[in-house]
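# Residue-level structural notes
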Amino acid sequence: MTTTMTTHPHSPPADEVDLARQARTDAEAFGELYRRHVTRVYRYHMAHTGNVKDAEDLTSQTFMAALEGIGSFRGSGSFAAWILGIAARKKAMFFRRIKPEVQIEAADQVPSSSLLTDQLANQRLRLDSITRALKQISPERADAIALCFFSELTYAEVGVVLNKSESAAKMLVTRGLQDLRKRTSLAFEVEP
(Lines give C-alpha, C1' and ligand atoms only; values in the text may rest on other atoms or scores of the structure.)
Protein backbone atom coordinates (compact mmCIF):
# COMPACT_ATOMS: atom_id res chain seq x y z
CA MET A 1 0.00 0.00 0.00
CA THR A 2 1.42 3.41 -0.94
CA THR A 3 0.47 6.60 0.80
CA THR A 4 0.60 10.20 -0.30
CA MET A 5 2.13 12.69 2.10
CA THR A 6 1.16 16.34 2.26
CA THR A 7 3.23 19.33 3.36
CA HIS A 8 0.45 21.40 4.91
CA PRO A 9 -0.60 20.10 8.35
CA HIS A 10 -4.27 20.99 7.88
CA SER A 11 -4.76 19.45 4.43
CA PRO A 12 -5.85 15.83 4.44
CA PRO A 13 -3.77 13.51 2.29
CA ALA A 14 -5.38 13.00 -1.09
CA ASP A 15 -5.67 9.25 -0.64
CA GLU A 16 -7.83 9.34 2.52
CA VAL A 17 -11.08 8.92 0.60
CA ASP A 18 -9.59 5.84 -1.07
CA LEU A 19 -8.26 4.58 2.27
CA ALA A 20 -11.70 5.01 3.84
CA ARG A 21 -13.28 3.02 1.00
CA GLN A 22 -10.66 0.30 1.39
CA ALA A 23 -11.13 0.32 5.17
CA ARG A 24 -14.64 -1.07 4.72
CA THR A 25 -13.04 -4.44 4.02
CA ASP A 26 -9.33 -3.98 4.75
CA ALA A 27 -8.03 -3.72 8.33
CA GLU A 28 -4.66 -2.39 7.09
CA ALA A 29 -6.36 0.60 5.45
CA PHE A 30 -8.29 1.38 8.63
CA GLY A 31 -5.05 0.98 10.60
CA GLU A 32 -3.43 3.64 8.44
CA LEU A 33 -6.34 6.02 9.05
CA TYR A 34 -6.03 5.28 12.76
CA ARG A 35 -2.28 6.07 12.75
CA ARG A 36 -2.89 9.34 10.93
CA HIS A 37 -5.62 10.59 13.28
CA VAL A 38 -5.19 8.98 16.70
CA THR A 39 -3.12 11.84 18.13
CA ARG A 40 -5.62 14.54 17.18
CA VAL A 41 -8.54 12.50 18.55
CA TYR A 42 -6.66 11.76 21.77
CA ARG A 43 -5.70 15.43 22.24
CA TYR A 44 -9.30 16.48 21.67
CA HIS A 45 -10.54 14.09 24.35
CA MET A 46 -7.70 15.00 26.70
CA ALA A 47 -8.54 18.69 26.27
CA HIS A 48 -12.06 17.98 27.52
CA THR A 49 -11.53 15.29 30.15
CA GLY A 50 -8.09 16.15 31.52
CA ASN A 51 -7.74 12.50 32.42
CA VAL A 52 -5.48 10.05 30.57
CA LYS A 53 -7.71 7.02 31.23
CA ASP A 54 -10.89 8.77 30.08
CA ALA A 55 -9.14 10.25 27.03
CA GLU A 56 -7.81 6.81 26.08
CA ASP A 57 -11.24 5.21 26.58
CA LEU A 58 -12.97 7.89 24.52
CA THR A 59 -10.34 7.64 21.80
CA SER A 60 -10.90 3.88 21.66
CA GLN A 61 -14.68 4.35 21.55
CA THR A 62 -14.30 6.95 18.79
CA PHE A 63 -12.30 4.60 16.57
CA MET A 64 -14.57 1.64 17.29
CA ALA A 65 -17.54 3.75 16.19
CA ALA A 66 -15.59 4.90 13.14
CA LEU A 67 -14.79 1.31 12.20
CA GLU A 68 -18.43 0.31 12.58
CA GLY A 69 -19.62 3.33 10.60
CA ILE A 70 -16.85 3.65 8.00
CA GLY A 71 -19.40 3.06 5.26
CA SER A 72 -21.06 6.38 6.11
CA PHE A 73 -17.91 8.37 5.24
CA ARG A 74 -18.67 9.74 1.80
CA GLY A 75 -15.53 11.80 1.22
CA SER A 76 -17.39 15.08 0.79
CA GLY A 77 -15.31 16.55 3.63
CA SER A 78 -12.06 15.58 5.28
CA PHE A 79 -11.69 12.36 7.20
CA ALA A 80 -10.33 14.44 10.11
CA ALA A 81 -13.60 16.37 10.38
CA TRP A 82 -15.60 13.16 10.11
CA ILE A 83 -13.66 11.38 12.87
CA LEU A 84 -13.71 14.47 15.12
CA GLY A 85 -17.48 14.62 14.63
CA ILE A 86 -17.64 11.12 16.06
CA ALA A 87 -15.29 12.19 18.85
CA ALA A 88 -17.55 15.15 19.69
CA ARG A 89 -20.57 12.83 19.96
CA LYS A 90 -18.63 10.40 22.17
CA LYS A 91 -17.52 13.31 24.37
CA ALA A 92 -21.10 14.55 24.68
CA MET A 93 -22.31 11.07 25.68
CA PHE A 94 -19.49 10.81 28.23
CA PHE A 95 -20.42 14.11 29.88
CA ARG A 96 -24.10 13.21 29.93
CA ARG A 97 -23.24 10.11 31.97
CA ILE A 98 -20.67 11.72 34.26
CA LYS A 99 -20.40 15.39 35.05
CA PRO A 100 -16.83 15.84 36.34
CA GLU A 101 -15.06 19.16 36.60
CA VAL A 102 -13.35 19.59 33.26
CA GLN A 103 -9.58 19.45 33.57
CA ILE A 104 -7.77 20.17 30.30
CA GLU A 105 -4.27 20.83 31.58
CA ALA A 106 -2.90 17.67 29.99
CA ALA A 107 -4.40 18.15 26.53
CA ASP A 108 -1.04 18.35 24.88
CA GLN A 109 0.61 15.37 26.58
CA VAL A 110 1.82 13.95 23.29
CA PRO A 111 5.18 15.74 23.26
CA SER A 112 7.10 16.51 20.15
CA SER A 113 10.43 14.71 20.27
CA SER A 114 11.95 17.41 18.08
CA LEU A 115 11.70 20.04 20.83
CA LEU A 116 14.46 20.63 23.34
CA THR A 117 13.74 20.20 27.05
CA ASP A 118 13.62 23.96 27.75
CA GLN A 119 11.31 24.45 24.80
CA LEU A 120 9.05 21.68 26.11
CA ALA A 121 8.99 23.31 29.55
CA ASN A 122 8.12 26.69 28.04
CA GLN A 123 5.44 25.08 25.88
CA ARG A 124 3.99 23.38 28.96
CA LEU A 125 3.90 26.67 30.91
CA ARG A 126 2.08 28.35 28.02
CA LEU A 127 -0.34 25.44 27.77
CA ASP A 128 -1.06 25.56 31.52
CA SER A 129 -1.90 29.24 31.28
CA ILE A 130 -4.13 28.72 28.25
CA THR A 131 -5.98 25.73 29.70
CA ARG A 132 -6.75 27.59 32.93
CA ALA A 133 -8.20 30.40 30.83
CA LEU A 134 -10.14 27.97 28.58
CA LYS A 135 -12.15 26.89 31.61
CA GLN A 136 -13.38 30.47 31.96
CA ILE A 137 -14.77 30.98 28.45
CA SER A 138 -17.93 29.63 26.86
CA PRO A 139 -17.88 25.87 26.21
CA GLU A 140 -18.63 26.37 22.50
CA ARG A 141 -15.67 28.73 22.06
CA ALA A 142 -13.43 26.42 24.11
CA ASP A 143 -14.49 23.46 21.94
CA ALA A 144 -13.77 25.41 18.75
CA ILE A 145 -10.32 26.32 20.05
CA ALA A 146 -9.63 22.70 21.10
CA LEU A 147 -10.64 21.44 17.65
CA CYS A 148 -8.58 24.08 15.90
CA PHE A 149 -5.40 24.02 17.96
CA PHE A 150 -5.26 20.69 19.80
CA SER A 151 -6.76 18.62 16.96
CA GLU A 152 -5.33 20.84 14.21
CA LEU A 153 -8.51 21.15 12.16
CA THR A 154 -9.12 23.96 9.68
CA TYR A 155 -11.95 26.42 10.24
CA ALA A 156 -14.00 24.56 7.63
CA GLU A 157 -13.45 21.25 9.45
CA VAL A 158 -14.27 22.84 12.83
CA GLY A 159 -17.49 24.10 11.24
CA VAL A 160 -18.39 20.60 10.07
CA VAL A 161 -17.82 19.15 13.55
CA LEU A 162 -19.81 21.91 15.28
CA ASN A 163 -22.55 22.08 12.61
CA LYS A 164 -21.62 25.67 11.80
CA SER A 165 -20.44 27.48 8.72
CA GLU A 166 -16.73 28.01 8.22
CA SER A 167 -17.14 31.71 9.00
CA ALA A 168 -19.10 30.94 12.19
CA ALA A 169 -16.35 28.53 13.28
CA LYS A 170 -13.71 31.17 12.56
CA MET A 171 -15.72 33.67 14.59
CA LEU A 172 -15.97 31.24 17.53
CA VAL A 173 -12.20 30.73 17.48
CA THR A 174 -11.50 34.45 17.06
CA ARG A 175 -13.81 35.45 19.89
CA GLY A 176 -12.50 32.61 22.04
CA LEU A 177 -8.94 33.83 21.48
CA GLN A 178 -10.05 37.36 22.37
CA ASP A 179 -11.54 35.98 25.59
CA LEU A 180 -8.29 34.15 26.28
CA ARG A 181 -6.22 37.29 25.65
CA LYS A 182 -8.25 39.04 28.35
CA ARG A 183 -7.53 36.23 30.81
CA THR A 184 -3.85 35.64 30.07
CA SER A 185 -0.76 37.62 29.11
CA LEU A 186 0.04 35.31 26.21
CA ALA A 187 0.11 36.56 22.64
CA PHE A 188 -1.64 34.26 20.18
CA GLU A 189 0.05 34.21 16.80
CA VAL A 190 -1.19 30.88 15.50
CA GLU A 191 -3.16 30.83 12.27
CA PRO A 192 -5.05 27.58 11.75
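Each remark here, short or long, concerns the structure printed above.
Structure report, in brief. Keep in mind that what you see is a predicted model, and the values were worked out from it rather than measured.

Applying the stated criterion across every chain yields a total of six aromatic pairs. Note on F30 and F63: the rings are 6.5 Å apart at their centroids and 80° apart in plane angle, and the pair reads as edge-to-face. Of this pair, F30 sits in helix α2 (residues 27–49) while F63 is found in helix α3 (residues 52–68), placing the two residues 33 residues apart along the sequence. The exposure classification of F30 matches that of F63, with both residues buried. Each ring, one from Y34 and one from F63, has its centre 4.7 Å from the other, and the planes form 70°; the classification is edge-to-face. Of this pair, Y34 sits in helix α2 while F63 sits in helix α3, and the two are 29 residues apart along the sequence. Classification of Y34 as partly exposed rests on a relative accessible area of 37%. The exposure class assigned to F63 is buried, which follows from its relative accessible area of 5%. Taken together, the aromatic side chains of F30, Y34 and F63 make up a single cluster linked through ring pairs.

A separate point is the side chain of D143. Among the secondary structure elements, D143 is positioned in helix α6 (residues 139–150). On the basis of relative accessibility, which here comes to 8%, the residue D143 falls in the buried class. Polar contacts involving the side chain of D143 include one to the side chain of H48, which spans 2.7 Å. Among all residues touching D143, those that are not within four sequence positions of it are Y44, H48, K91 and L162.

Quick look at the nonpolar core now. Grouped together as the largest cluster of nonpolar side chains are 43 residues, with contacts concentrated most on I70, F79, W82, I83, L84, L147 and V158. Breaking this core down by element, the ones donating at least two residues are α1 (16–23), α2, α3, α4 (79–97), α5 (117–134), α6, α7 (155–162) and α8 (166–183).

Bringing the pattern of salt bridges into the picture now. As a working rule, side chains carrying opposite charge can pair if their charged atoms are close by. Taken as a whole and assessed by the stated rule, the structure comprises nine salt bridges. In this structure, R36 and D15 form a salt bridge, with 3.0 Å as the shortest nitrogen-oxygen distance. With R36 in helix α2 and D15 in the segment before α1, this pair connects stretches of sequence that are 21 residues apart. For R36, a relative accessible area of 19% corresponds to the buried category.

Criteria and thresholds
Think of each chain on its own: its residues are numbered from 1, step by step along the sequence as written. Under the rules for a predicted model, residues below a pLDDT of 70 receive no local features and side-chain atom pairs below 80 are neither given nor counted, while totals for whole chains, interfaces and linings still include all residues. Heavy atoms from the whole structure form the basis of all side-chain values; hydrogens and water molecules are not counted. Aromatic rings from Phe, Tyr and Trp, with only the six-membered ring used for Trp, were paired whenever their centres fell within 6.5 Å, and each pair was classed as stacked if the ring planes differed by under 30 degrees, edge-to-face if by over 60, and tilted otherwise. We count a stretch as a helix when DSSP gives it H or I for four or more residues in a row; a strand needs E for two or more, and each element gets its number in order from the N terminus. Only protein chains enter the accessibility calculation, which uses a 1.4 Å probe; a residue is then buried when its area is under 20% of its type maximum, exposed when over 50%, and partly exposed in between. Any pair of N or O atoms that falls within 3.5 Å is considered a polar contact. Within protein, one atom must be able to donate a hydrogen and the other to accept it, and sequence-neighbouring residues count only if both atoms are side-chain atoms. Contacts are assigned to residue pairs that have any heavy atoms within 4.5 Å of one another. Take the buried Ala, Val, Leu, Ile, Met, Phe, Trp, Tyr and Cys residues and link them wherever side-chain atoms come within 4.5 Å; each set so joined is a nonpolar core. Criterion for a salt bridge: a side-chain nitrogen of Lys or Arg within 4 Å of a carboxyl oxygen of Asp or Glu.

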